[in-house]
Amino acid sequence: MITQAQLQYYKDKLAYEMDPSDLFESLEEQAGIVVIDTRKPFAYDKERIPTAVNLPHREMDATTTAHLDKSKTYICYCDGIGCNASTKGALKMAQLGFQVKELIGGLAWWKLDGYATEGTEASKGEIMSCAC
């Protein structure tokens, strides 16, 4: 039997997380989102999701985020499931009053799903449009 608690759990999960295919589709649609790479600059320079801006979670505060538009939704990511920089970044962004979601699987799952990256060690990717 499905409970209201279970339904709420799934709704909450979708409110706070996004998967790579949903992110790709949102980027194609220019859906008012900004991708935030929460890792250190050397990792961002090496490889990142296209259009992502680098804002390391350790540097997030009212001053470093003052220029950001609070009407947009911010998607935080890091390396992947072995890294919690995206969770720390999403928490800080939420505490600062931003609409935020965390990318499930981070950069690793972005690439696993076949999407291209940018940077000094960029990968071409295989997907040119959303298949979902």
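As shown above, the structure is provided for reference.
Q: Describe in detail the pattern of salt bridges, supporting the description with residues and values.
A: Overall, the coordinates contain five salt bridges when judged by the stated rule. Glu121 serves as the salt-bridge partner of Lys46, at 3.9 Å between the closest nitrogen and oxygen. Of this pair, Lys46 sits in helix 3 (residues 41–46) while Glu121 sits in the segment after helix 5 (106–112), placing them 75 residues apart in sequence. On the basis of relative accessibility, which here comes to 40%, the residue Lys46 falls in the partly exposed class. The salt bridge partner of Arg48 is Glu118, with a shortest N-O separation of 3.8 Å. Placement of the pair is Arg48 in the loop between helix 3 and strand 3 (53–54) and Glu118 in the segment after helix 5, with a sequence separation of 70 residues. Three or more residues joined by partner-sharing salt bridges are found here, namely Asp37, Arg39 and Asp79.

Q: Mind laying out a nonpolar patch on the surface, listing which residues take part and the relevant values?
A: Together, Ile81, Trp109 and Leu112 make up an exposed nonpolar region whose accessible area comes to about 370 Å². Its place among the elements puts Leu112 in helix 5. With relative accessibility at 66%, the residue Leu112 sits in the exposed group.

Rules and cut-offs
Residues numbered from 1 in each chain as written. Predicted model: local features only at pLDDT ≥ 70, side-chain atom pairs only at ≥ 80, totals over all residues. Heavy atoms only, no water. Salt bridge = Lys/Arg side-chain N within 4 Å of Asp/Glu carboxyl O. Helix = DSSP H or I, 4+ residues; strand = E, 2+ residues; numbered from the N terminus. Buried < 20%, exposed > 50% of the residue type's maximum accessible area, 1.4 Å probe, protein only. Patch = residues over 30% accessible without salt bridge, like charges linked within 9 Å, V, L, I, M, F, W, Y side chains within 5 Å. Areas by Shrake-Rupley, 256 points an atom, 1.4 Å probe, with all protein chains shown as cover.

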